[in-house]
Amino acid sequence: MNSCFVTLAILFVWRVEEMAEACSCSPAHPQQAFCSSDVVIRAKVVGEEEVDAGNDIYGNPIKRIKYDIKQSKMFKGPTQDIDAIYTAPSSAVCGVTLETNGKKEYLITGKLEADGTMHVTLCDFIEPWEDMSATQKKSLTQRYETGCDCKITRCTSIPCMINSPTECLWTDWVIEKVYNGEQAKHFACIKRNDDSCAWYRGSAPPKKDFLDIEDP
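What comes next is a walk through the structure. Everything quoted here is computed from the prediction, not taken from an experiment.

### Here's the deal with the packing of aromatic side chains
1) Next: Here the structure, examined in full by the defined rule, presents five aromatic pairs.
2) Next: With 6.1 Å between their ring centres and 10° between their planes, Phe75 and Trp129 make a pair best called stacked. Here Trp129 lies in the loop between β6 (126–128) and α3 (134–139) and Phe75 lies in strand β2 (residues 61–76), a separation of 54 residues in the sequence. Accessibility classification places Phe75 together with Trp129 in one group, the buried group.
3) Next: Here the aromatic rings of Phe187 and Trp199 are separated by 6.5 Å at their centres, their planes lie at 80°, and the arrangement is edge-to-face. With a gap of 12 residues between them, Phe187 in the loop between α6 (182–186) and β9 (188–191) and Trp199 in strand β10 (residues 197–200) connect regions that are remote in the sequence.
4) Next: Relative accessible area serves as the criterion here: at 9%, Trp199 is assigned to the buried category.
5) Next: An aromatic cluster is present here, built from Trp170, Trp173 and Tyr179 joined pairwise through their rings.

### Remarks on unusual backbone geometry
1) Next: Between Ile158 and the following residue, Pro159, the backbone shows a cis peptide bond with an omega angle of 0°.
2) Next: Mapped onto the fold, Pro159 is located in the loop between β7 (151–154) and β8 (167–170).
3) Next: Look at Lys177: it is not a glycine, yet its phi comes out positive at around 65°.
4) Next: If you trace the backbone, Lys177 turns up in the loop between α5 (172–176) and α6.
5) Next: Relative accessible area serves as the criterion here: at 51%, Lys177 is assigned to the exposed category.
6) Next: A positive phi angle is found at Asp195, which is not glycine, with a value near 75°.
7) Next: Within the secondary structure layout, Asp195 lies in the loop between β9 and β10.
8) Next: You can call Asp195 partly exposed: its relative accessible area is 48%.

So, how was this worked out
- Residues numbered from 1 in each chain as written.
- Predicted model: local features only at pLDDT ≥ 70, side-chain atom pairs only at ≥ 80, totals over all residues.
- Heavy atoms only, no water.
- Phe/Tyr/Trp six-rings, centres within 6.5 Å; stacked < 30°, edge-to-face > 60°.
- Helix = DSSP H or I, 4+ residues; strand = E, 2+ residues; numbered from the N terminus.
- Buried < 20%, exposed > 50% of the residue type's maximum accessible area, 1.4 Å probe, protein only.

Set out below in structure tokens:
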């Protein structure tokens, strides 16, 4: 009886730890992902291997997946090219799975570690380049950066509102029931000349006093 109880207790603790490690991310507008990331690159993945990354507090080895990449463009990051990215070995702990045949290009955002390596998780914005809208691609070179002082507030249910003139209300979920909707694909939240922020849609950089959702 006692051994049965101990076994059940161990299983319970294991299950609690497993649930605690489950990956959970809040949706982010592409502009938010750009602004909060240390590195934003366009690249192909050309190789994959499992590598050791030290030990945890219990002395158990920590594994990481190393993706070798061929960078074609850096939109934000260090001066040197990134030739590899690292991620956790499982989606349960936010690990990312990428195609490694070198044919598909990705936009990859992530964090730069102290040793100069780039680490990515499921919570980062990682998208096949061909799936991105023309506006998203153009915004990577200037527009998103000009709006990094603005705050994008996600609306999950009606009513929702902003608390500051420097906020833009992101309504894709309540209108379209998807997060990769019209505002995510075609709009950027940009600061105006009066320091307020508003959604901007257009192929050219916005004028200092543009109208909301202006499309020149």
